[in-house]
Amino acid sequence: MAAAAVPLRTLRRLCRVLLFLFQFYILSGGGSLNLEQSQPLAQSIKDPGPTRTFTVVPRAAESTDIPPYVMKCPSNGLCSRLPADCVECKTNFSCVYGKPVTFDCTVKPSVTCVDQDFKSQKNFIINMTCRFCWQLPETDYECSNSTSCMTVSCPRQRYIANCTVRDHIHCLGNRTFPKMLYCNWTGGYKWSTALALSITLGGFGADRFYLGQWREGLGKLFSFGGLGIWTLIDVLLIGVGYVGPADGSLYI
């Protein structure tokens, strides 16, 4: 019995020594090599690798936008009556000014028109007068107004206006052009009201106050219309239109 216990104790001591040596090996850093070697393996498993980015380039879609000039073009109307923005004409700048002339024209894409027999037409002839757009009468174009110039002045002031030819008018050259025009705008002052105030309450400066000329109005108020002389003069000046609104506009 005692002889069997001796090998058992020896085996236990040997196991304790081996366990101690294994722990000492791990704590001394010998096992770090295995850990470091295991990290790339774990990384290789978790890391999916560099990602690839794919840029999807859409194919050019067919343009379905309607040109802006189509809104001005009546559908299935007479080709000869189409606005100038709806057609393209082969103009000749060597024509004689003021003389009738004919030009070959073609409708623009997305524009439909007909001839006198109501048949679809693309090419047609248009009759017009040989003249540039800036030579048209004032009724054939529209110009911008200026509210910063004096309409009542000597000499009359002018301003540079941007003018655009009306849609149904055909002419040569640019359809938008600058032009010098006389100042012609109104601020809402009535000539009849100003004259009535000058006759009735002119001695208190009511006419000058109405026209926005408050300095002259105060002068007439405290001088009782210049003892009547200033009042009579203002009646004449307003009557002939020489005295106008302070903002430089015209009477209505």
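Residues numbered from 1 in each chain as written. Predicted model: local features only at pLDDT ≥ 70, side-chain atom pairs only at ≥ 80, totals over all residues. Heavy atoms only, no water.

## Re the state of the cysteines
Step number 1: Evaluation of the coordinates by the stated rule reveals 6 disulfides.
Step number 2: At a sulfur-sulfur separation of 1.8 Å, the disulfide partner of C79 is C113. Taking the torsion about the sulfur-sulfur bond, which here is approximately 90°, the covalent link between C79 and C113 counts as right-handed. Linking C79 in the loop between β1 (77–78) and β2 (87–90) with C113 in strand β4 (residues 113–114), this pair joins segments that are 34 residues apart in sequence.
Step number 3: On the accessibility criterion, C79 (2% relative accessible area) is buried.
Step number 4: Paired by a disulfide, C89 and C105 hold their sulfur atoms 1.9 Å apart. Linking C89 and C105, the disulfide has an S-S dihedral of approximately 105° and is accordingly described as right-handed. Of this pair, C89 sits in strand β2 while C105 sits in strand β3 (residues 100–107); the two residues are 16 residues apart in sequence, bridging distant segments of the chain. (Disulfide = S-S within 2.5 Å. Helix = DSSP H or I, 4+ residues; strand = E, 2+ residues; numbered from the N terminus. Buried < 20%, exposed > 50% of the residue type's maximum accessible area, 1.4 Å probe, protein only.)

## Looking at the packing of aromatic side chains
Step number 1: Scanning the entire structure with this criterion turns up 3 aromatic pairs.
Step number 2: On the numbers, 5.4 Å between centres and 75° between planes, the contact of Y141 with F177 is edge-to-face. Linking Y141 in strand β7 (residues 141–143) with F177 in strand β9 (residues 176–182), this pair joins segments that are 36 residues apart in sequence. The same class applies to Y141 and to F177, which are both buried.
Step number 3: The interplanar angle of 85° and the centroid separation of 5.7 Å between the aromatic rings of Y189 and Y210 together place this pair among those described as edge-to-face. With Y189 in the loop between β9 and α3 (191–200) and Y210 in helix α4 (residues 206–210), this pair connects stretches of sequence that are 21 residues apart.
Step number 4: Directly above the ring of Y182 sits R158, whose terminal nitrogen or CZ lies 4.2 Å from the centroid. (Phe/Tyr/Trp six-rings, centres within 6.5 Å; stacked < 30°, edge-to-face > 60°. Lys NZ or Arg CZ within 6 Å of the ring centre and 35° of its normal.)

## Concerning a nonpolar patch on the surface
Step number 1: Together, L201, F204, F209, W214, L218, L221 and F222 give the surface a local cluster of nonpolar side chains, amounting to about 710 Å² of exposed area.
Step number 2: Per-element tally for the nonpolar patch: the top contributor is helix α5 (residues 214–222), with 4 residues. (Patch = residues over 30% accessible without salt bridge, like charges linked within 9 Å, V, L, I, M, F, W, Y side chains within 5 Å. Areas by Shrake-Rupley, 256 points an atom, 1.4 Å probe, with all protein chains shown as cover. Salt bridge = Lys/Arg side-chain N within 4 Å of Asp/Glu carboxyl O.)

## Considering the environment of I126
Step number 1: Tracing the backbone through its elements, the reader meets I126 in strand β6 (residues 123–129).
Step number 2: Looking at I126, the relative accessible area reads 5%, which means it is buried.
Step number 3: C-alpha of I126 to C-alpha of R81: the two residues are 45 residues apart in sequence and 8.7 Å apart in space.
Step number 4: Setting aside residues up to four positions removed in sequence, I126 forms contacts with S80, C89, V101, T102, F103, C105 and H170. (Contact = heavy atoms within 4.5 Å.)

## Description of unusual backbone geometry
Step number 1: Positive phi values are uncommon outside glycine, yet S110 reaches one of about 70°.
Step number 2: A relative accessible area of 54% places S110 in the exposed class.
Step number 3: The residue F118 is not glycine, and still its phi comes out positive at about 60°.
Step number 4: Along the polypeptide, F118 turns up in the loop between β4 and β5 (120–121).
Step number 5: On the basis of relative accessible area, F118 is assigned to the exposed category, the value being 68%.

## Comments concerning the pattern of salt bridges
Step number 1: Within this structure, the stated rule accounts for 4 salt bridges.
Step number 2: A salt bridge links D207 to K220; its shortest N-O distance comes to 3.1 Å. You can see D207 sitting in helix α4 and its partner K220 sitting in helix α5, a full 13 residues away along the chain.

## A look at the sheet that holds β6
Step number 1: A sheet is described by the order of its strands in space; here 3 strands give the open sequence β2-β3-β6, paired in antiparallel fashion. For this open sheet the edge positions go to β2 and β6, each flanked by a neighbour on one side alone. Recorded for the sheet is a direction-independent mean angle of 40° between the axes of neighbouring strands.
Step number 2: Direction of pairing for β3 relative to β6: antiparallel, over a ladder of 7 bridges. From the neighbouring strand, T106 faces β6, where its bridge partner is N123. (Pairing = 2+ DSSP bridges. Axes fitted to C-alpha atoms, helices over the stretch in contact; angles between N-to-C directions.)

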